[in-house]
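One letter stands for each residue in the lines below.
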Amino acid sequence: MTLKQLENLIEVDQDITDDGYGTYYDKRTIEQLLNYGIIILDKPPGPTSHETVAWTKRILKLPKIGHSGTLDPQVSGVLPLGLGEATKALGVLLFGPKEYHALGRVHSLPSKEKLHEVIESLTGEIYQKPPQRSAVVRQTRTRTIYEFEVLEQKERLLLTRVLCEAGTYIRKLYYDLGEILGPGATMIELRRTRVDQFREIDGLVTLHELANAFALWEEKKDDSKLKSMIKPVEYALSELKSVVIRDSAIDAMCHGAQLAIPGILQISPNLKKGDIVGIYTQKGEAVALAEATMSGQEIQDAVKGYAFETKRIIMAPNTYPKKWRTKPTSKE
């Protein structure tokens, strides 16, 4: 199976990969997935995102787990978790669209026409000031509401779906809805149903399911359930353009070197200067996140020079053998 982001790439050069190093992204063992995997958790209402991560660490007996996109304690739903080295890839999800299903109450019963008119006015680019109890500076900023619809209405109760830009406060959106209608509105319950490409309808993992699956693996060496819950870290990068590199360039990048033209084998079509890309091995393993300093056409035409500036290393050093030279010391 080929990763979505590695399909239909433009070939710049050819090389073979050494199967003695690294692991094909979809052939990782449980131990490897616990260091290079992501879990799309169904956060329950009640605990903070930080507490949810702490519980997951205890369940999986891992020292390092991170989450993408904080949810307030009473909000439930999609919370992507990165395990081990995979925490370094979660940042790309922070900027993708978010979807919420919200239950709220308007303080007087509006006509359907008026309600539709107000919701239309709150779709598109809006101004929003974070609420008093928020983790960011309270200054007015613009946010984009891509879709805002009423799924169901029972008198003054509204069930709505909102697809919005990251950083939008849904409680504040309901407050603004009530202000425009007149008497006010209050959000009662909120659930996040999508973070970028990860959706609730594709299946989420609960803490109880995760604990049971880990116990099954630890006690009976049955990893089938746990493997189905942990996705390879590469899934988090599916919406980025991609670059495939030679085995000989991998460890140099993991030690901080910039990616030069001779190390590149394949690139995504329509690659532009300034694009953030995922760097991959020929086995489909994520190596790093980088910013293109050349366009795709410039990369194909050039024979030397640095084509990408590394932004975040994902793969641990020494996963592949060192095949790069260091400058000799004065004694040498």
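Residues numbered from 1 in each chain as written. Predicted model: local features only at pLDDT ≥ 70, side-chain atom pairs only at ≥ 80, totals over all residues. Heavy atoms only, no water.

1. Section: the overall build of the chain
For clarity, the threshold we go by: Put simply, DSSP marks the helices as runs of H or I at least four residues long and the strands as runs of E at least two long, and each gets a number from the N terminus on. Relative accessibility decides the category of a residue: with a 1.4 Å probe and only protein chains considered, values under 20% of the type maximum give buried, values over 50% give exposed, and everything between is partly exposed. Residues are treated as being in contact if the distance between any of their heavy atoms lies within 4.5 Å. Using the Shrake-Rupley algorithm and a 1.4 Å probe, accessible areas are obtained, with residue cover drawn only from the displayed protein chains.
Across its full length, the chain carries eight helices and 17 strands. Expressed along its principal axes, the backbone C-alpha trace of the chain runs to roughly 80 × 55 × 40 Å. Looking at the 332 residues of the chain, the share that counts as buried comes to 46%. Taking the intrachain contacts of the chain between residues at least 6 apart in sequence as the baseline, contacts between residues at least 24 apart amount to 70%. Summed over all atoms, the accessible surface of the chain reaches about 17300 Å², with 50% contributed by carbon and sulfur.

2. Quick notes on the pairing of strand β14 (residues 264-267)
For clarity, the threshold we go by: A pair of strands counts as paired when DSSP detects no fewer than two bridges linking them.
Pairing of strand β1 (residues 10-11) with β14, which is carried by two bridges, proceeds in the antiparallel orientation. Its bridge partner being in β14, Glu 11 is matched across the sheet by Gln 266. Pairing of strand β12 (residues 241-245) with β14, which is carried by three bridges, proceeds in the antiparallel orientation. Its bridge partner lying in β14, Val 243 is registered against Ile 267.

3. Things to note about helix α3 (residues 112-121)
We count it as follows: The directions from the helix axis to the C-beta atoms form the arc being described.
Where α3 is concerned, the buried positions are Leu 115, Val 118 and Ile 119. Taken down its axis, α3 places every buried residue within 100 degrees of arc, on the same side. Of the exposed residues in α3, the ones pointing more than 90 degrees away from its buried face are Glu 113, His 116 and Glu 117. Buried positions along α3 lie against β7 (141-154), β8 (157-164) and α4 (170-181).

4. Focus on the sheet that holds strand β13 (residues 259-260)
One open sheet accounts for seven strands, arranged β1-β14-β12-β15-β16-β17-β13; its pairing is mixed. The open sheet is flanked by β1 and β13, the only strands paired with a single partner. As paired elements, strand β16 (residues 286-292) and strand β17 (residues 306-313) share five bridges and run antiparallel to each other. Following the sheet pairing, Leu 289 is matched in β17 by Arg 312.

5. So, the packing of helix α2 (residues 49-60) against helix α5 (residues 207-220)
Put simply, the test is: Here the axes come from fitting lines to C-alpha atoms, over the contacting stretch only for helices, and the angles between their N-to-C directions go from 0 to 180 degrees. If an angle is under 35 degrees, it is roughly parallel; if it is over 145, roughly antiparallel; if it lies from 65 to 115, roughly perpendicular; otherwise it is oblique. Put simply, a crossing is left-handed when the front helix is turned counterclockwise from the back one by less than a right angle, and right-handed when it is turned clockwise.
One can describe the packing of α2 onto α5 by two numbers: an axis separation of 9 Å at closest approach and a directional angle of 15 degrees. By the angle class used here, α2 and α5 are roughly parallel. Crossing angle aside, the handedness with which α2 passes α5 is right-handed. Between α2 and α5, the residues in contact are Thr 52, Trp 55, Thr 56, Ile 59 and Leu 60 and Leu 207, Leu 210, Ala 211 and Phe 214, respectively.

6. Re the pattern of salt bridges
In a structure, side chains of opposite charge can pair up when their charged atoms sit close to one another. Note the following rule: Any Lys or Arg side-chain nitrogen found within 4 Å of a carboxyl oxygen on Asp or Glu counts as a salt bridge.
Taken as a whole and assessed by the stated rule, the structure comprises 15 salt bridges. Asp 42 is the salt-bridge partner of Arg 191, the closest N and O atoms lying 3.0 Å from each other. Here Arg 191 is found in strand β9 (residues 185-195), whereas its partner Asp 42 is found in strand β2 (residues 36-43), with 149 residues between them in sequence. When its relative accessible area of 22% is taken as the criterion, Arg 191 is described as partly exposed. Of the charged contacts in the structure, one is a salt bridge between Arg 161 and Glu 149, with a shortest N-O distance of 2.6 Å. You can see Arg 161 sitting in strand β8 and its partner Glu 149 sitting in strand β7, a full twelve residues away along the chain. Accessibility expressed as a relative area gives 14% for Arg 161, which makes it buried. When its relative accessible area of 32% is taken as the criterion, Glu 149 is described as partly exposed. Look at the salt bridges and you will find they share partners, linking Glu 99, Glu 147, Glu 149 and Arg 161 into a network.

7. Here we look at the packing of aromatic side chains
Put simply, the rule is: Within 6.5 Å between ring centres, the rings of Phe, Tyr and Trp (the latter by its six-membered ring) count as paired, and their orientation is classed by plane angle as stacked under 30 degrees, edge-to-face over 60, tilted in between. We call a charge positioned over a ring when the NZ of a Lys or the CZ of an Arg lies within 6 Å of the ring centre and within 35 degrees of the ring normal.
For the structure shown, the criterion picks out one aromatic pair. Above the face of the Tyr 24 ring, Lys 283 is positioned so that its terminal group lies 6.0 Å from the ring centre.

8. Focus on α5
Quick note on the threshold: Given the number of residues in a helix, its expected span is that number minus one, multiplied by 1.5 Å.
Counted at 1.5 Å a residue, the expected span for α5 with its 14 residues is 20 Å, and the 20 Å between its end C-alpha atoms agrees. The inward-facing, buried residues of α5 abut α1 (30-33), β2, α2 and α6 (224-229). Residue Lys 221 follows α5 closely and has a positive phi angle near 60 degrees.

9. Some thoughts on the nonpolar core
The condition that has to hold: Among buried residues, the Ala, Val, Leu, Ile, Met, Phe, Trp, Tyr and Cys ones that are joined through side-chain atoms within 4.5 Å form a nonpolar core.
Of all hydrophobic cores here, the largest spans 47 residues; its most connected members are Val 243, Ile 245, Leu 259, Ile 264, Ile 279, Val 287 and Phe 308. When residues of this core are traced back to their parent elements, those giving at least two are β2, β12, α7 (247-254), β14, β15 (276-280), β16 and β17. For this core, the element with the highest residue contribution is β16, accounting for six residues. Ignoring any residue separated from it by four or fewer positions in sequence, one finds Ile 279 in contact with Val 243, Ile 245, Met 253, Leu 259, Glu 285, Ala 286, Val 287, Ala 288 and Ala 290.

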